[in-house]
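# Notes for the structure review
One-letter residues, chain by chain:
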Amino acid sequence: PGFSLRQVVHLPAFWMILLSGALGSLAMQMIMIHLVPHVTDVGISAAVGATMLGIIGLTNIIGKVVMGWLADRIGAKPTLAITNALSGVVMLWLLRADEEWMLYGFAIAFGFAFGGWMTLLAATAGEVFGVASLGAIFGTMQAGTATFGTGGTVMAGYVFDVTQSYISAFAIGAVAYLAAAALVVGARRPPRITPLG
């Protein structure tokens, strides 16, 4: 049993989980698009930046396995909150990273931290609202995450154009991840699961 899409759009928890996914997407896409330009701005080669993206992809695989294991033990919702919080903390590290070893450390930690993030978002929706209409519910959430993700790349570019630095943009990304964690924690399962309406 579970809620229908028509029912969940009237629940605060739906919008909290959607917004958490949207904020996470905003921050994550900001990194994926603007990390290499940032690396070159601090005086390190674009080749190192490209290698960092590869490292993020590799450690993300490890993060998916570990976060999936953790979700099986404590639940998807708390694991998603942990993932978002860790990602936010790691982005704060990026604000101070101006040496090659620090940037490599960021890449390793960031890839691991947000591992399984999208899968955990879907699993959290299933935990909170039931699985009867999970496809429709998560598909609607995906519209929000995709829109914010695109907005994050544009916003980071605009901030760079204004300030000639990505630091402020990445600070916004860190705050977005931490806010996403808080939203997930605050999203409460409705008191009862009603029949599909």
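The structure under discussion appears in the preceding block.
Below is a short write-up of the structure. Because the structure is a prediction, the values reported are computed rather than measured.

In this section: helix α6 (residues 117-129). Residues spaced three or four apart along an α-helix point in a common direction, a consequence of the helix completing one turn every 3.6 residues. Counted at 1.5 Å a residue, the expected span for α6 with its 13 residues is 18 Å, and the 18 Å between its end C-alpha atoms agrees. Every buried residue belonging to α6 is among Trp117, Leu120, Leu121, Ala122, Thr124, Ala125, Gly126, Val128 and Phe129, and all of these are buried. Tucked inside the fold, the buried residues of α6 contact α1 (5-8), α2 (12-41), α3 (46-74), α4 (76-96) and α7 (134-163). Phi for Gly130, located one or two positions after α6, is positive at around 85 degrees.

The nonpolar side chains of a soluble globular protein tend to be buried, and buried together. Ranked by internal contacts, the top residues of the largest apolar core, which has 57 residues, are Ile31, Phe106, Phe110, Phe129 and Met141. The set of elements that each furnish at least two residues to this core consists of α2, α3, α4, α5 (100-113), α6, α7 and α8 (167-186). If you tally residues by element for this core, the top one is α2, at twelve residues.

Checked against the element boundaries, Thr153 lands in helix α7. Residue classification places Thr153 among the buried positions, given a relative accessible area of 18%. In terms of polar contacts, Thr153 uses its side chain to reach the backbone carbonyl oxygen of Thr150, at 2.7 Å. Setting aside anything within four residues of it in sequence, one finds Thr153 in contact with Gln29, Met30, Ile33 and His34.

This part takes up the packing of aromatic side chains. The tally for this structure, following the rule as stated, stands at eight aromatic pairs. On the basis of an interplanar angle of 65 degrees and a centroid distance of 6.2 Å, the ring pair of Trp93 and Trp101 is categorised as edge-to-face. Here Trp93 falls in the partly exposed class, since its relative accessible area comes to 36%. With a centroid separation of 4.9 Å and 45 degrees between ring planes, the pair formed by Phe110 and Phe114 is classed as tilted. Just as Phe110 is buried, Phe114 falls in that class too.

This part is about the packing of α3 against α5. One can describe the packing of α3 onto α5 by two numbers: an axis separation of 5 Å at closest approach and a directional angle of 35 degrees. Of the two elements, α3 crosses α5, and the hand of that crossing is right-handed. Here α3 contributes Val48, Thr51, Met52, Ile55, Ile56, Thr59, Asn60, Ile62, Gly63, Val66 and Met67 to the contact with α5, which in turn contributes Glu100, Leu103, Tyr104, Phe106, Ala107, Ile108, Phe110, Gly111, Phe112 and Ala113. Considering only residue class, the contact of α3 with α5 consists of 15 nonpolar, five polar and one charged.

Conventions and cut-offs
- Residues numbered from 1 in each chain as written.
- Predicted model: local features only at pLDDT ≥ 70, side-chain atom pairs only at ≥ 80, totals over all residues.
- Heavy atoms only, no water.
- Helix = DSSP H or I, 4+ residues; strand = E, 2+ residues; numbered from the N terminus.
- Expected span 1.5 Å × (residues − 1).
- Buried < 20%, exposed > 50% of the residue type's maximum accessible area, 1.4 Å probe, protein only.
- Contact = heavy atoms within 4.5 Å.
- Core = buried A, V, L, I, M, F, W, Y, C linked by side-chain atoms within 4.5 Å.
- Polar contact = N/O pair within 3.5 Å; in protein donor to acceptor, adjacent residues only side chain to side chain.
- Phe/Tyr/Trp six-rings, centres within 6.5 Å; stacked < 30°, edge-to-face > 60°.
- Axes fitted to C-alpha atoms, helices over the stretch in contact; angles between N-to-C directions.
- Left-handed = near helix turned anticlockwise from the far one by under 90°.
- Nonpolar A, V, L, I, M, F, W, Y, C, P; charged D, E, K, R; others polar.

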